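The lines below spell out each chain.
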Amino acid sequence: MNYKIALVPGDGIGPEVVEQTVRVLDKIGEKYNHKFNYTTVLAGGAAIDATGECLPQETIDICKNSDAVFLGAVGGWQWDTLPGDKRPERALLGLRKELGLFANLRPALLFEELADACPLKAEIVSGGMDILVVRELTGGIYFGEKGFKDTELGPAAYDIELYSEEEVKRIAIVAFDMAMKRGKKLTSVDKANVLESSRLWRRIVTEVAKDYPEVELNHMYIDNAAMQLVRNPKQFDVIVTSNIFGDILSDEASMITGSIGMLPSASLAKGNFGMYEPVHGSAPDIAGQNKANPMATILSSAMMLRYTFGLSKEADDIENAVKSVLKAGYRTPDIMVDGMKPIGTKETGDLIVNAI
Ligand code: IPM
Ligand code: MG
């Protein structure tokens, strides 16, 4: 089969981790007789420098005409002083909205080989941890009305948290479907003791649950969920939550695994279309030095094969290759411990390509 992929290398370490991922994908293509056709487009700081805009229309058009979008990372200190609506991060929000990517899947998996990197006590995570955060990605306070106004206390600014029943329903369906494929347990996180939008969220999730009698559903307030994640992370299977709560909880969950450089993500639209990217950012301090860990990006390509292209055997191959490289004791600086063999970005790519 032929697949059209829009590549957005972006900023910082983005281009180098994407480069290694393309090698891995091409190896999969060779082995299974698929052809991946890439079109490289600009977004983020790289786009600001080249065109003055963080998300050129051409980028949006090419992404919309592809089967999937594959992104490295955007942002960097060069653009930190730009006003909010001109910053590279706006490109991410723009892509999510323009491409209708309402469902963000962020797996937080504790790799057996890297268990020592987990900052929690061994007994809390013994036996492993495997959580999937399903974050709503195109609604809520990120995209609600925002502005400035005068108040009794002087000038003020506001951002509105708004969720329609339909937005909650469609993300709940994605989360229940994921739970059915995993441990059949779903925790919906909200702040229903205070927020009206959370009470609507809870009511709709409870309604959707009727179609999934096999899934055990519970509701949790965000403050409690943040606490439970470090107290007893093994109680969670799938977590579904709003845009802003999901932003926060997914960082917390990934930190617990101890290896944010290892975690992939998928942002899905209705149907099979999706955008795939590592959870880590652009890490400008180590860019261009062959130090970045490309595994999160390479694992994101496995998610792309599985969710958008329906190629699960090929996806398994990539995941197994990554695990075999870890098992053989190779480590990039972010996950290095005594006694392991140090490697760089490119060598990681070499080893994974060879293992496929
Ligand atoms: C993320 C990031 C983004 C977000 C930023 C860069 C806009 O933190 O993908 O989690 O808040 O969604
Ligand atoms: Mg975030």
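Everything numeric here is computed off the predicted structure, so don't read it as measured data.

Conventions we followed
Residues numbered from 1 in each chain as written. Chains lettered and ligands numbered in written order. Predicted model: local features only at pLDDT ≥ 70, side-chain atom pairs only at ≥ 80, totals over all residues. Heavy atoms only, no water. Pairing = 2+ DSSP bridges. Helix = DSSP H or I, 4+ residues; strand = E, 2+ residues; numbered from the N terminus. Axes fitted to C-alpha atoms, helices over the stretch in contact; angles between N-to-C directions. Contact = heavy atoms within 4.5 Å. Near = heavy atom within 4 Å. Polar contact = N/O pair within 3.5 Å; in protein donor to acceptor, adjacent residues only side chain to side chain. Areas by Shrake-Rupley, 256 points an atom, 1.4 Å probe, with all protein chains shown as cover. Nonpolar A, V, L, I, M, F, W, Y, C, P; charged D, E, K, R; others polar. Domains from an automatic or database assignment. Salt bridge = Lys/Arg side-chain N within 4 Å of Asp/Glu carboxyl O. Parallel < 35°, antiparallel > 145°, perpendicular 65-115°, else oblique. Left-handed = near helix turned anticlockwise from the far one by under 90°. Buried < 20%, exposed > 50% of the residue type's maximum accessible area, 1.4 Å probe, protein only. Phe/Tyr/Trp six-rings, centres within 6.5 Å; stacked < 30°, edge-to-face > 60°.

J.: How should the sheet that holds strand β10 (residues 238–241) be read in this particular structure?
T.: What links the strands of a sheet is backbone hydrogen bonding, and the strands pair in either a parallel or an antiparallel sense. Spatial ordering of the open sheet is given by β2-β1-β3-β12-β11-β4-β5-β10-β8-β9, a layout of ten strands whose pairing is mixed. The strands lining the two open edges of the sheet, one partner per strand, are β2 (35–40) and β9 (216–221). In this sheet, adjacent strand axes meet at a mean angle of 25° when their direction is disregarded. Sheet topology note: the strand β5 (residues 130–136)/β10 ladder contains four bridges and is parallel. Bridging from a neighbouring strand, Arg135 pairs with Thr241 of β10. Contacts from helix α4 (residues 89–98) reach β3 (68–73), β4 (103–109), β5 and β12 (274–278), with the element oriented near 150° to β12.

J.: What am I meant to see in the site of ligand 1 here?
T.: Surveying the vicinity of ligand 1 reveals the residues Glu89, Leu92, Arg96, Arg106, Arg135, Tyr142 and Asp247. Interatomic distance of 2.8 Å between a side-chain N/O atom of Arg106 and an oxygen atom of ligand 1. Against a free-state accessible area of 320 Å², the protein chains account for coverage of 72% of ligand 1. The element contributing the most residues to the shell around ligand 1 is α4, with three residues. Looking at the shell around ligand 1 residue by residue, the classes come out as two nonpolar, no polar and five charged. In terms of domain composition, the shell around ligand 1 takes at least three residues from each of domain 1 (1–102 + 263–356) and domain 2 (119–256).

J.: In this structure, what is going on with the pattern of salt bridges? I would like to understand it.
T.: Oppositely charged side chains can form a pair if their charged atoms are brought close together. The tally for this structure, following the rule as stated, stands at 20 salt bridges. By sharing partners, the salt bridges in this structure join Arg23, Lys346 and Asp350 into a single network.

J.: Even after reading the chapter, I still don't get the packing of helix α10 (residues 295–307) against helix α11 (residues 312–327), so can you show me in this structure?
T.: In helix packing, the relevant descriptors are the interaxial angle and the interaxial distance, both defined with respect to the helix axes. Look at α10 against α11: their axes get within 7 Å of each other, and the N-to-C directions meet at 160°. As judged from the angle between their axes, α10 and α11 are roughly antiparallel. Our pair here, α10 against α11, has a crossing hand that is left-handed. Touching Met295, Ile298, Leu299, Ser301, Ala302, Leu305 and Arg306 of α10 are Ser312, Glu314, Ala315, Asp316, Ile318, Glu319, Val322, Val325 and Leu326, all from α11. Residues belonging to the contact of α10 with α11 are distributed by class as follows: ten nonpolar, two polar and four charged.

J.: In this structure, what is going on with the pairing of β4? I would like to understand it.
T.: With six of seven residues buried, β4 lies mostly within the body of the structure. Where β4 and β5 come together, seven bridges link them in antiparallel fashion. For Ala108, the partnering residue across the bridge sits in β5 and is Ile131. Alignment of β4 against strand β11 (residues 264–268), held across three bridges, turns out to be antiparallel. Looking at the pairing, Ala103 lines up with Leu268 of β11.

J.: I would appreciate a short explanation of the packing of aromatic side chains in the present structure.
T.: Ring pairs (aromatic) are described by centroid distance and by the angle formed between their planes. In this structure the tally under the stated criterion is five aromatic pairs. When the centroid spacing of 6.2 Å and the interplanar angle of 25° are considered together, the rings of Phe36 and Phe309 count as stacked. Taken as a pair, Phe36 in strand β2 and Phe309 in the loop between α10 and α11 lie far apart in primary sequence, 273 residues in all. On the basis of relative accessible area, Phe36 is assigned to the buried category, the value being 3%. For Phe309, a relative accessible area of 10% corresponds to the buried category. Summarising the aromatic geometry, the rings of Tyr163 and Trp201 are spaced 5.4 Å apart at their centres and angled 70° between planes, so their arrangement reads as edge-to-face. Of this pair, Tyr163 sits in the loop between β7 (154–159) and α6 (165–181) while Trp201 is found in helix α7 (residues 196–209), placing the two residues 38 residues apart along the sequence. Accessibility expressed as a relative area gives 6% for Tyr163, which makes it buried.

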